[in-house]
Amino acid sequence: MRFRPCIDIHDGKVKQIVGGTLSDEQGAETNFVSEYGADYFGRLYKTCNVPGGHIILLNKAGTKEYMEDIRAASEAMKEFPGGFMIGGGVTIENAQEYLKLGASHVIVTSYVFRDGLIDYKRLEGLVEEIGKEHLVLDLSCRRRLNSAGTYSYYIVTDRWQKFTDTHLNHKTLDLLSKFCDEYLIHAVDVEGKKCGVDKDLLKMLGEWKGTAPITYAGGVSSFEDMDLIRELGQGKVDVTVGSALSIFGGDMDFQEVVNYSK
């Protein structure tokens, strides 16, 4: 289990938000706004030798705020070339540009879904454009009642605002693994709340027999949660910690988290 650092950028600033509250109309409920720019975190993660981090652009693509997000992200990637993956508003038209800025991978959700379903034409086109080895699929999910009257995990898009009709389960992981290098999965119901991890989701991910790396994010608040991720994920599921980290105003010492994963 590896620690994967993160830089979430909103309005050009490094922030930690409550993921489920993000909306176009009212912004997001914010846990933390850093006094430092994204370049500071790029240097920090390089110094601590923790590559494979995620930069997430939280504003809506095409807005001036989104352009500020890109500017901040580029500063982080200059400090740690190849050390980050980047997601938020990625399409076939701009994916190459993010790789040229220094990202190792682009992270995609919304672009490969249409009318709630996987758009294989778009997905195959993206793979042809940048290569499977540069693509991470973000399969972030929320619980919702299914037709049988029980709760299932459904993939959510558009900065976690819209439910798709696609279940997140072993079949979906099997199906999509031939198109991507890794998965990033936020448990959106607990994202940013520091209320503990989603145990059922982690158990499902840990029991998957596929080989594509998975990074879990959402709800981590203590080293006991880290232990749970290691146990339920059977050592195969990597972890991102956000609001609980000391560098983002939380109680978990950043260096201790780095040392734990090593």
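Now for a quick tour of the structure. (Residues numbered from 1 in each chain as written. Predicted model: local features only at pLDDT ≥ 70, side-chain atom pairs only at ≥ 80, totals over all residues. Heavy atoms only, no water.)

Things to note about the side chain of Thr172
At step 1: Its location among the elements puts Thr172 in helix α5 (residues 170-176).
At step 2: Here Thr172 falls in the buried class, since its relative accessible area comes to 8%.
At step 3: There is a polar contact of 2.7 Å between the side chain of Thr172 and the backbone oxygen of His167.
At step 4: In this view, Thr172 contacts Ile155, Thr166, His167 and Tyr183; residues no more than four positions away in its chain are not counted. (Helix = DSSP H or I, 4+ residues; strand = E, 2+ residues; numbered from the N terminus. Buried < 20%, exposed > 50% of the residue type's maximum accessible area, 1.4 Å probe, protein only. Polar contact = N/O pair within 3.5 Å; in protein donor to acceptor, adjacent residues only side chain to side chain. Contact = heavy atoms within 4.5 Å.)

A few points about helix α6 (residues 199-207)
At step 1: Burial in α6 covers these residues: Leu201, Leu202, Met204, Leu205 and Gly206.
At step 2: Capping the start of α6, Asp198 holds a side-chain oxygen 3.4 Å from the backbone nitrogen of Asp200, two or three residues further along.

As for the packing of helix α7 (residues 223-232) against helix α8 (residues 254-261)
Helix-helix packing is characterised by the crossing angle of the two axes and by the distance between the axes.
At step 1: Between α7 and α8, the least distance of the axes is 12 Å, while the angle of their chain directions is 20°. It follows from the interaxial angle that α7 and α8 lie roughly parallel. Here α7 runs over α8; the crossing is right-handed. Packed against α7, whose contacting residues are Phe223, Met226, Asp227 and Arg230, the element α8 presents Glu256, Val257 and Tyr260 at the interface.
At step 2: Residue composition of the contact of α7 with α8, by class: four nonpolar, no polar and three charged. (Axes fitted to C-alpha atoms, helices over the stretch in contact; angles between N-to-C directions. Parallel < 35°, antiparallel > 145°, perpendicular 65-115°, else oblique. Left-handed = near helix turned anticlockwise from the far one by under 90°. Nonpolar A, V, L, I, M, F, W, Y, C, P; charged D, E, K, R; others polar.)

A short note on the nonpolar core
At step 1: Grouped together as the largest cluster of nonpolar side chains are 77 residues, with contacts concentrated most on Tyr45 and Tyr183.
At step 2: Sorting elements by how many residues they give to this core places helix α2 (residues 64-79) first, with six residues.
At step 3: Beyond its immediate sequence surroundings of up to four residues, Tyr45 is in contact with Pro5, Cys6, Ile7, Val50, Phe80, Phe84, Ile247, Phe248 and Phe254.
At step 4: Counting seven residues, the second largest nonpolar core, distinct from the first, contains Ile17, Ile56, Ile107 and Val136. (Core = buried A, V, L, I, M, F, W, Y, C linked by side-chain atoms within 4.5 Å.)

What about unusual backbone geometry?
At step 1: The phi dihedral of Asp11 is positive, around 55°, even though this residue is not glycine.
At step 2: Relative to the elements of secondary structure, Asp11 occurs in the loop between β1 (6-10) and β2 (13-17).
At step 3: For Gln234, which is not glycine, the phi torsion reads 55° and is therefore positive.
At step 4: Secondary-structure assignment places Gln234 in the loop between α7 and β15 (237-240).

Concerning the sheet that holds strand β5 (residues 84-87)
At step 1: What the ten strands build is an open sheet, ordered β3-β2-β1-β4-β5-β6-β9-β13-β14-β15; its pairing is mixed. Where the open sheet ends on each side, the last strands, each with one partner, are β3 (30-33) and β15. Each strand of the sheet is rotated relative to its neighbour by a mean of 30°, with strand direction disregarded.
At step 2: Where strand β13 (residues 182-186) lies against strand β14 (residues 214-217), four bridges are found, and the strand directions are parallel. By the bridge assignment, Ile185 is partnered in β14 with Tyr216. (Pairing = 2+ DSSP bridges.)

Digging into the layout of surface pockets
Using a probe with the size of a water molecule, rolled over the atoms, empty space left in the structure can be pinpointed.
At step 1: Computed from the structure, the largest pocket encloses a volume of approximately 570 Å³.
At step 2: Looking at the lining of the largest pocket, the elements that each hand over two or more residues are β4 (53-57), β6 (105-108) and β11 (151-157).
At step 3: Of the residues assigned to the lining of the largest pocket, the class counts are twelve nonpolar, ten polar and six charged. (1 Å grid on protein atoms, 1.4 Å probe; cavity = no way out; pocket = protein on both sides within 12 Å on 5 of 7 lines; lining within 4 Å. Points joined across faces, edges and corners; volume = space filled by probe spheres on them.)

A closer look at the packing of helix α1 (residues 38-47) against α2
At step 1: Across the interface, α1 lies against α2 with an axial gap of 7 Å and an inter-helix angle of 25°. Regarding the angle of α1 to α2, the classification is roughly parallel. For the pair α1 and α2, the sense of crossing is right-handed. Counted together, Ala38, Asp39, Gly42, Arg43 and Lys46 of α1 and Ala72, Glu75, Ala76 and Glu79 of α2 form the full contact between these two elements.
At step 2: For the contact of α1 with α2, the residue count by class is three nonpolar, one polar and five charged.

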